[in-house]
Amino acid sequence: MDLNIRYMIDTFFLALTGVPVTLSITAVALLVSAPIAFFMAISRIYNIRIVKQVVSAYVSFIRGTPVVLQILIIYSLLPSWLNAMIKSLSWDINIFDMNPVIYAYIVFSLNTCAGLSEIFRSALLTVNKGQLEAALSIGMSAVQAYTRIIIPQAMVSALPNICNLTINLIKGTSLAFMMTVKEVTSIAKIAASYGYNYIESYLDILIIYILLCSVIQALFALVEKRIGSYKTLTGSAAKAV
Amino acid sequence: MRPFRFLFIPEVLFDLLPFLPVTLMMFAGSVFFGSLLGFVLARAKVRGRKVSGILADAYIAVMRCTPPIVLLFIVYYGLPELLLSTIGLDINAIEKGIFVLVTFTLLFGAVMSEIMRSAYESIDKGQWEAAVSIGLSPFQAFYRIMLPQATAVALPNFSNVLINLMKDGSLAFTIGLIDIMGKGNLIISKNFGAYALETYMALALIYWTLTLIIEKSFGYIEKSLSRGKRSIAE
Amino acid sequence: MLELKNIHKSFNNNEVLKGVSIRVKKGDVIVILGPSGSGKTTLLRCINFLERADKGEIFFDDLRVNIRTASPADISRIRKRTAFVFQNYNLFNNKTALENVTEGLITARKVPKPEAIEIAKKALSKVGLSDRENYYPSKLSGGQQQRVAIARAIAVNPDVILFDEPTSALDPELTGEVLAVMKQLAREGVTMVVVTHEMSFARDVANHIVFMDGGVVIEEGSPDEIFSRPREDRTKQFLSRILPVWDYVI
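Residues numbered from 1 in each chain as written. Chains lettered and ligands numbered in written order. Predicted model: local features only at pLDDT ≥ 70, side-chain atom pairs only at ≥ 80, totals over all residues. Heavy atoms only, no water.

1. Here we look at the overall build of chain C
Thinking step 1. Counting secondary structure elements, chain C contains 9 helices and 10 strands.
Thinking step 2. Taking 18 Å as the expected radius of gyration for a compact globule of 250 residues, we find that chain C reaches 18 Å, a close match to that expectation.
Thinking step 3. By its C-alpha atoms, chain C is 55 × 50 × 35 Å across when sized along the principal axes.
Thinking step 4. Across chain C, every contact between residues at least 6 apart in sequence was considered, and the portion connecting residues at least 24 apart equals 63%. (Helix = DSSP H or I, 4+ residues; strand = E, 2+ residues; numbered from the N terminus. Rg over C-alpha atoms; globule rule 2.2 N^0.38 Å. Contact = heavy atoms within 4.5 Å.)

Here is the structure:
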């Protein structure tokens, strides 16, 4: 089996130009879904009627269906919806000129909401109820208790799961090519179709994903060490870190 | 915009369900071979031999970063060439299902090995020592004492990765396998793109149901296992 | 200063408090005794609104609160005038000992940070833990954690401190250091309501004992009255089970 090394190197750098798009989908999905997921988690922990049922059904559906189906459903649904909306608002935008990355933002945000809310829920539940009581007993408000005491502690147990979710999200964005988004996979795929250099292209993609995921994992490891220090270190040692 | 035809969903379900066995066979095959691979990898790590441990680690790390669709394409385009150039075996005409099976075995093996290892390591070493001390052989100690306890620990994770495997398996249509997803796409193109949304909804319903079945049955097993545990504690 | 009137509380149709009233004067050290399940802890938690009682009133000097209609502002006002010491300490795991003490001052009471640190350092030195200011709870022994929790309670300068079995989660050899701190506070005139099984503390430090059983106050009085001349049978029964052991220890 001969690999066309020259082609592989060229395509590698070509595919690298898709990294910003891949990362932007990941970042937007995480940032958009974080606050929503938090309130979804809270609604389930505190058994808020109706909201809780809706959230549970939503999480179950997203968890129960493949991302590729979610993409296909949204992609066959959203353009015509958006078109109808834009027409009714009589804006002067042609929906079909819009950058398809918008669809990727929407699909992956919807998907991430569900996963993140599950992570937040179980992380919040790991914090002992006494922590909340102690905070209230010294006169903090519920919001203060959450932002200063509960969430920082919950983050420690949530981080490894958030890392996993991020890795899976990055891997999942490789499916955005189905929506003609120009990210890493689609760029290399298109390059491959000119000269049938499929294996070279896919190996390039693989290397890029390995690099991306390794960097993400290293970053998370760093953060984990930082915010988890209270579990293992005494104060003087913690200051030195 | 064409109106959504709700009644098309049950109609298309009838056309899709005959292909469910293909999906399930791919799933079951990947679970079986992937678990075998996972066991080998986990064993390599637990034993702490240097070279094999590092190799297993590297393999798991690479697989963790690999998008399933990318691996699927690499296997689909690469494996025939690799086998042809190394051992002269021509598998170009082979069933597409084999490529799917190979891909998801490779992926699932890595995931499974991590679950097996962490479950095994979560069991107190004293359990094994106690078993050996009363005269069980190392194999008996593993099989009769460690394995049942580790299985109980691994169950929740196992349910999760099974669900993920089944969902990832939906990508097999991209190399032309005719499972439920493949059939769904055939139906859509036969209808010249009409009723695409209805067809996808029907597929979503099938996957959702399968997920719920896995989830509920594992929930049931976990419950019955933990019931046993509590009664011992009492 | 603090008065509870006719407090009722049920959990799932199980009535734990059946109309309890107690009165706390400034400088009082009140010990609530009673067998487990008698509702002592629930009563204490109701004062601080950690449990919301079903019925009853709380009078705090001029503040009169009907528990059923208490607004969040009322609850916040009462919480700011009380402090709570938990059975299992509940120190904030993500904060150092010093930060645990400053947290309520800075966040809830808007005390400027330098001032809060100064107060906190004084509070920690009062419980004898000046050298542990920068330790996280996971690095402190149970007794030390409980002393930090007491420092956290006294730092906010509450009108009354509520102690919920502060020594029952501790190994016997560690209870002494916590009780010593509590005795010191009593000597300084801090108002305390204490649920405990430490009979020596009740007899030597309290000026008023409340004996509860089955969700009601059976009898109350000075330690001398309760320990030497209990009037009610249930009190006698309870003491006879506990006191011989205690006499022997002394």
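2. Observations concerning unusual backbone geometry
Thinking step 1. In this structure, N6(C) takes a positive phi of about 55 degrees despite not being glycine.
Thinking step 2. Along the polypeptide, N6(C) turns up in strand β1 (residues 2–11).

3. Things to note about the side chain of T112(A)
Thinking step 1. The residue T112(A) is located in helix α5 (residues 101–126) in this model.
Thinking step 2. Ignoring any residue separated from it by four or fewer positions in sequence, one finds T112(A) in contact with A29(A), L30(A), S33(A), L165(A) and L169(A).

4. A closer look at the arrangement of the chains
Thinking step 1. Contacts are most numerous between chains A and B, considering all 2 pairs of chains that are in contact.
Thinking step 2. Here chain B and chain C are not in contact; the least distance found between their C-alpha atoms is 21 Å.

5. With respect to the confidence of the model for chain C
As a note on interpretation, predicted positions should not be read in detail where pLDDT is low.
All names here are of chain C.
Thinking step 1. Model confidence for chain C is summarised by a mean pLDDT of 89, while 97% of its residues fall at 70 or above.
Thinking step 2. Mean pLDDT across the secondary structure elements of chain C bottoms out at helix α9 (residues 233–249), with 73, and peaks at strand β8 (residues 192–195), with 95.
Thinking step 3. Model confidence for the complex is summarised by a pTM of 0.81, with the ipTM given as 0.85. (pLDDT = per-residue confidence, 0-100.)

6. Thoughts on helix α4 (residues 68–87) of chain B
Thinking step 1. The terminal C-alpha atoms of α4(B), which comprises 20 residues, lie 26 Å apart, in line with the 28 Å expected from a rise of 1.5 Å per residue.
Thinking step 2. Maximal helix bending in α4(B) amounts to about 40 degrees, located at G78(B); proline P80(B) follows within four positions.
Thinking step 3. When α4(B) is considered as a whole, its buried residues turn out to be P68(B), I69(B), V70(B), L71(B), L72(B), F73(B), I74(B), V75(B), G78(B) and P80(B).
Thinking step 4. On the buried face of α4(B), the contacting elements are α8 (184–195) and α9 (198–227) of chain A together with α3 (50–64), α5 (96–122) and α7 (138–168) of chain B.
Thinking step 5. Positive backbone phi, approximately 70 degrees, marks G88(B), located one or two places after α4(B). (Expected span 1.5 Å × (residues − 1). Bend = angle between axes of the 7 residues up to and from the residue. Buried < 20%, exposed > 50% of the residue type's maximum accessible area, 1.4 Å probe, protein only.)

7. Considerations on helix α2 (residues 19–45) of chain A
Residue and element names in this part refer to chain A.
Thinking step 1. Between its terminal C-alpha atoms α2 stretches 37 Å, which fits the 39 Å expected from 27 residues at 1.5 Å a residue.
Thinking step 2. A34 marks the point of greatest bend in α2, at about 40 degrees, and the proline P35 comes within the next four residues.
Thinking step 3. Just past α2, the residue N47 takes up positive phi, approximately 55 degrees.

8. Points about the state of the cysteines
Thinking step 1. Inspection of the entire model under this criterion finds 0 disulfides over all chains.
Thinking step 2. Here C213(A) stays free of any disulfide, with the sulfur of C65(B) as its closest cysteine sulfur at 4.2 Å.
Thinking step 3. A residue is classified by how much of its surface remains accessible, and C213(A), at 0% relative accessible area, is buried.
Thinking step 4. Overall, C65(B) belongs to the buried group, its relative accessible area being 3%. (Disulfide = S-S within 2.5 Å.)

9. Some details on the nonpolar core
Thinking step 1. Of all hydrophobic cores here, the largest spans 163 residues; its most connected members are F108(A), M179(A) and L43(C).
Thinking step 2. The element that contributes the greatest number of residues to this core is helix α7 (residues 142–172) of chain A, accounting for 13 residues.
Thinking step 3. Residues within four places of M179(A) in sequence aside, it is in contact with I71(A), Y75(A), P100(A), Y103(A), A104(A), V107(A) and F108(A). (Core = buried A, V, L, I, M, F, W, Y, C linked by side-chain atoms within 4.5 Å.)

10. Focus on the interface of chain A and chain C
Thinking step 1. The partner chain C presents 27 residues to the 24 residues of chain A that form the contact.
Thinking step 2. For the pair chain A and chain C, the summed buried surface comes to about 2300 Å²; carbon and sulfur atoms form 55% of the total.
Thinking step 3. When the buried surface of chain A facing chain C is broken down by residue, S137(A), I138(A) and Y230(A) rank first, second and third, together holding 27% of it.
Thinking step 4. Applying the counting rule to chain A against chain C returns 2 salt bridges.
Thinking step 5. A salt bridge links E133(A) to R45(C), with the nearest nitrogen and oxygen atoms 2.4 Å apart.
Thinking step 6. Between chain A and chain C we count 11 residue pairs in polar contact (both at pLDDT 80 or more) in total. (Buried area = accessible area lost by both parts, 1.4 Å probe. Salt bridge = Lys/Arg side-chain N within 4 Å of Asp/Glu carboxyl O. Polar contact = N/O pair within 3.5 Å; in protein donor to acceptor, adjacent residues only side chain to side chain.)

11. Quick word on the packing of aromatic side chains
Thinking step 1. Under the defined criterion, the tally for this structure stands at 18 aromatic pairs over all chains.
Thinking step 2. Taken together, a centroid distance of 5.0 Å and an interplanar angle of 85 degrees make the contact between F61(A) and W208(B) edge-to-face. On the criterion of chain membership, the pair formed by F61(A) in helix α3 (residues 51–64) and W208(B) in helix α9 (residues 196–233) is interchain, its members lying in two chains.
Thinking step 3. By relative accessible area, which is 24% here, F61(A) ends up partly exposed.
Thinking step 4. W208(B) gets classed as partly exposed once you look at its relative accessible area, which sits at 22%.
Thinking step 5. Chaining the aromatic ring pairs together yields one cluster made of Y198(A), Y202(A), F73(B), Y76(B), Y77(B) and F99(B).
Thinking step 6. Directly above the ring of F92(C) sits R152(C), whose terminal nitrogen or CZ lies 4.7 Å from the centroid. (Phe/Tyr/Trp six-rings, centres within 6.5 Å; stacked < 30°, edge-to-face > 60°. Lys NZ or Arg CZ within 6 Å of the ring centre and 35° of its normal.)

12. Some thoughts on the sheet that holds strand β10 (residues 216–221) of chain C
Residue and element names in this part refer to chain C.
Thinking step 1. The strand order across the open sheet formed by 6 strands is β6-β7-β8-β3-β9-β10, and the pairing between neighbours is mixed. Each of the sheet's edge strands pairs with one partner strand only, and the pair in question is β6 (82–85) and β10. Taking each pair of neighbouring strands and ignoring which way they run, the sheet shows an average axis angle of 20 degrees. (Pairing = 2+ DSSP bridges. Axes fitted to C-alpha atoms, helices over the stretch in contact; angles between N-to-C directions.)

13. A closer look at the interface of chain A and chain B
Thinking step 1. Across the contact, 37 residues belong to chain A and 35 residues belong to chain B.
Thinking step 2. When chain A packs against chain B, the two sides together hide about 3200 Å² of surface, and 73% of this comes from carbon and sulfur.
Thinking step 3. At the junction of chain A and chain B, the tally comes to 1 salt bridge.
Thinking step 4. The partner of E215(B) in a salt bridge is R63(A), and the shortest N-O contact between them spans 2.4 Å.
Thinking step 5. Summed over the shared surface of chain A and chain B, the number is 8 residue pairs in polar contact (both at pLDDT 80 or more).
Thinking step 6. Put simply, the parts of the chain that give the side of chain A that touches chain B at least two residues each are α3, α4 (67–88), α7 and α9 of chain A.
Thinking step 7. Broken down by element, the side of chain A that touches chain B gets its largest block of residues, 11 residues, from α9(A).
Thinking step 8. For the side of chain A that touches chain B, a count of residues per class yields 25 nonpolar, 9 polar and 3 charged. (Nonpolar A, V, L, I, M, F, W, Y, C, P; charged D, E, K, R; others polar.)

14. Details of the pattern of salt bridges
All names here are of chain B.
Thinking step 1. A full pass over the atoms with the stated rule returns 24 salt bridges over all chains.
Thinking step 2. With its nearest N and O atoms 2.9 Å apart, the salt bridge here joins E121 to R117. Remark: R117 and E121 occur in helix α5; sequence separation between them is 4 residues, near one turn of the helix.
Thinking step 3. By relative accessible area, R117 is classed as buried at 17%.
Thinking step 4. The structure contains a network of salt bridges with shared partners spanning K45, D57, E114, R117 and E121.

15. So, the sheet that holds strand β2 (residues 14–24) of chain C
The strands making up a sheet associate through backbone hydrogen bonding, with each pair oriented either parallel or antiparallel.
Residue and element names in this part refer to chain C.
Thinking step 1. Here we have 4 strands laid out as an open sheet, ordered β2-β1-β4-β5, and antiparallel in their pairing. Two strands bound the open sheet, and with one partner strand each, they are β2 and β5 (63–66). This sheet shows a mean twist of 15 degrees between the axes of neighbouring strands, independent of strand direction.
Thinking step 2. Note: β1 against strand β4 (residues 55–60), 5 bridges, orientation antiparallel. By the bridge assignment, L4 is partnered in β4 with I58.
Thinking step 3. Helix α1 (residues 40–47) contacts β1, β2 and β4 of the sheet and is inclined by roughly 120 degrees relative to β1.
Thinking step 4. Sitting on the sheet, helix α2 (residues 72–81) touches β4 and β5, and the angle it makes with β5 is about 125 degrees.

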